[in-house]
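So you can see what is in the structure, the chains are spelled out below.
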Amino acid sequence: MAVSPALASRVRNIGRGFAVSTAAGAAAGLAAVGYGLWEKNQFVLREETLPILPAGHQPFTILHLSDIHFVPGQDTKAAWLQSLASLEPDLVVNTGDNLSHVKAVDPLLRALRPLLEFPGVFVPGSNDYYAPSLRNPASYLLGPSKVKRENIELDWPRLRAGFGMGGWIDLTNRNQSVVLRGMRFDFSGVDDPHLNRERYAGWPRGTKNQDDNAHLRVAVIHAPYQRVLDHFTQDGADLLLAGHTHGGQLCIPGYGALVSNCDLPTWRAKGLNNWESNGSTTPVNVSGGIGTSRFAPIRIACRPEAVLLTLTAPE
């Protein structure tokens, strides 16, 4: 069967158009990956102010670190972490997922050494216990990630010991009070809710409502699942600090996060917001995180961050 010249020309044009569209799509994809690889090292400091201190107290600064996901050889990240010591925070709070490689403990502790000179508290995330695994990137959009049984265990005991030797307090399913700059902080923390390991220890004895001294209740968690936020809010926390979400990691400019990797609404995946539960309200700071999984080392419209919270007395 003979093909007319007009039809043959139309087929050739369609083929060229398809080839051009395919090439353009591939180029756009490569450009997005290239940008994401660049943005993952564009570290920023987000600064927030919260008027939650009792009247008469001087401002108090908290440096909130989360989701460092350290891999040996990340010299840029290590240098930036070390530079944060120049902020001279009154307290460092680490909300977990420090590791992304079985050999990351020692270089991470070296990177954090200047910050270990300041008072600190911490809880673990799943990537302190287990190394991330290679998986289909599309699964990231299908719901919260899951830890596989065959995942490689990380040396969390040694990392925890390193933090402890630096003076940081382990809040894994426990509470503790500390007096800092004349203010009593009552901390309560939990193990990673993403692994269903949280167990609530309540608050230390002699906390507010039981004596006349000023107290501040601070809850420290890794993954901000709603059940955990509800518990601490109803239990009278003055401040909740969490991480885990990476701020969405892959965001759409003007829209924000597509996922939060938990049941937190995506518009809450990063930032300082109030959480309400049964008539109680508590400010919650969700860190956008500092790193990524080593198998998905890109960020788009979601720069890695540390957060400096300045607590003040109401004016």
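See the structure printed just above.
To keep things clear, this report deals only with the structure shown in the data block. Once a new chain begins, its residue numbering starts again from 1 and follows that chain's sequence as written. Residue-level local features of this predicted model are given only where pLDDT is at least 70; pairs of side-chain atoms are given and counted only at 80 or more, and the full residue set underlies all totals for whole chains, interfaces and linings. With hydrogens and water excluded, all non-hydrogen atoms of the structure serve as input to the side-chain values.

Here the focus is the environment of Arg181. Mapped onto the elements, Arg181 comes out in the loop between strand S6 (174-180) and strand S7 (183-189). Separated by 123 residues in sequence, Arg181 and Gln58 place their C-alpha atoms 8.7 Å apart. We call two residues in contact whenever any of their non-hydrogen atoms come within 4.5 Å of each other. Apart from residues no more than four positions distant in its own chain, Arg181 is found in contact with Gln58, Pro59, Phe60 and Asp90. Nitrogen and oxygen atoms within 3.5 Å of one another constitute a polar contact, given that in protein one can donate a hydrogen and the other can accept it, and given that sequence-neighbouring residues count only through two side-chain atoms. From its side chain, Arg181 meets the backbone oxygen of Pro59 in a polar contact 2.8 Å long. Here a helix means four or more residues in a row that DSSP labels H or I, a strand means two or more in a row labelled E, and each is numbered from the N terminus.

Here the focus is the pairing of strand S8 (residues 215-220). Type-normalised accessible area, obtained with a 1.4 Å probe on protein chains alone, sets the label of each residue: buried when under 20%, exposed when over 50%, and partly exposed for intermediate values. Burial runs high along S8: 6 of the 6 residues are buried. Side chains of S8 alternate between two faces, with His215, Arg217 and Ala219 and Leu216, Val218 and Val220 buried alike. Bridging between S7 and S8 involves 6 bridges; their strand directions are parallel. Bridging across to S8, Asp186 finds its partner in Arg217. With helix H6 (residues 226-234) bridging S8 and the parallel strand S9 (residues 239-242), this β-α-β connection has right-handed handedness. One bridge is not enough; two strands pair if DSSP finds at least two bridges between them. Classification remark: right-handed applies to a crossover when, strands pointing away from the viewer, the course from the first strand over the helix to the second runs clockwise.

For helices, the axis comes from a line fit to the C-alpha atoms of the stretch in contact; other axes are also lines fit to C-alpha atoms, and the angle between any two N-to-C directions lies between 0 and 180 degrees. Here helix H2 (residues 75-83) crosses helix H3 (residues 105-112) at 35 degrees, and the two axes come no closer than 7 Å. Taking contact as the criterion, the partners of Ala78, Leu81 and Gln82 in H2 are, on H3, Arg110, Ala111 and Leu112.

So, about the side chain of His69. Of note, His69 is situated in the loop between strand S2 (60-65) and H2. Not counting the four nearest positions on each side in its chain, His69 is found in contact with Gln74, Lys77, Asp97, Asn98, Leu99, Ser100, Asn127, His246, Gly291, Thr292 and Ser293.

Aromatic rings considered in pairs are described by the distance between their centres and by the relative angle of their planes. Stacked, tilted and edge-to-face pairs are distinguished by plane angle, under 30 degrees for stacked and over 60 for edge-to-face with tilted covering the rest, among Phe, Tyr and Trp rings (Trp via its six-membered ring) whose centres lie within 6.5 Å. For the structure on display, the rule yields 11 aromatic pairs. Ring centres 4.8 Å apart and planes at 15 degrees place the aromatic pair Phe43 and Trp80 in the stacked group. Of this pair, Phe43 sits in the loop between helix H1 (5-39) and strand S1 (44-50) while Trp80 sits in helix H2, and the two are 37 residues apart along the sequence. The class of Phe43 is buried, set by a relative accessible area of 14%. On the basis of relative accessible area, Trp80 is assigned to the buried category, the value being 15%. Ring centres of Phe122 and Trp156 lie 6.0 Å apart, and the angle between their planes is 75 degrees; this geometry places the pair in the edge-to-face category. A residue pair is termed long-range when its members are at least 10 positions apart, and Phe122 in strand S4 (residues 120-122) and Trp156 in helix H5 (residues 156-165) qualify at 34 residues. By relative accessible area, Trp156 is classed as buried at 4%. Following the ring pairs from residue to residue traces out a cluster consisting of Phe122, Tyr129, Tyr130, Trp156, Phe163 and Trp168. One Lys or Arg, Arg197, reaches over the ring of Tyr129 and ends 4.2 Å from the middle of that ring. Whether a charge lies above a ring is judged from NZ of Lys or CZ of Arg, which has to be within 6 Å of the ring centre and within 35 degrees of the ring normal. Positioned above the aromatic ring of Tyr225 is the side chain of Arg227, whose terminal nitrogen or guanidinium carbon lies 4.9 Å from the ring centre.

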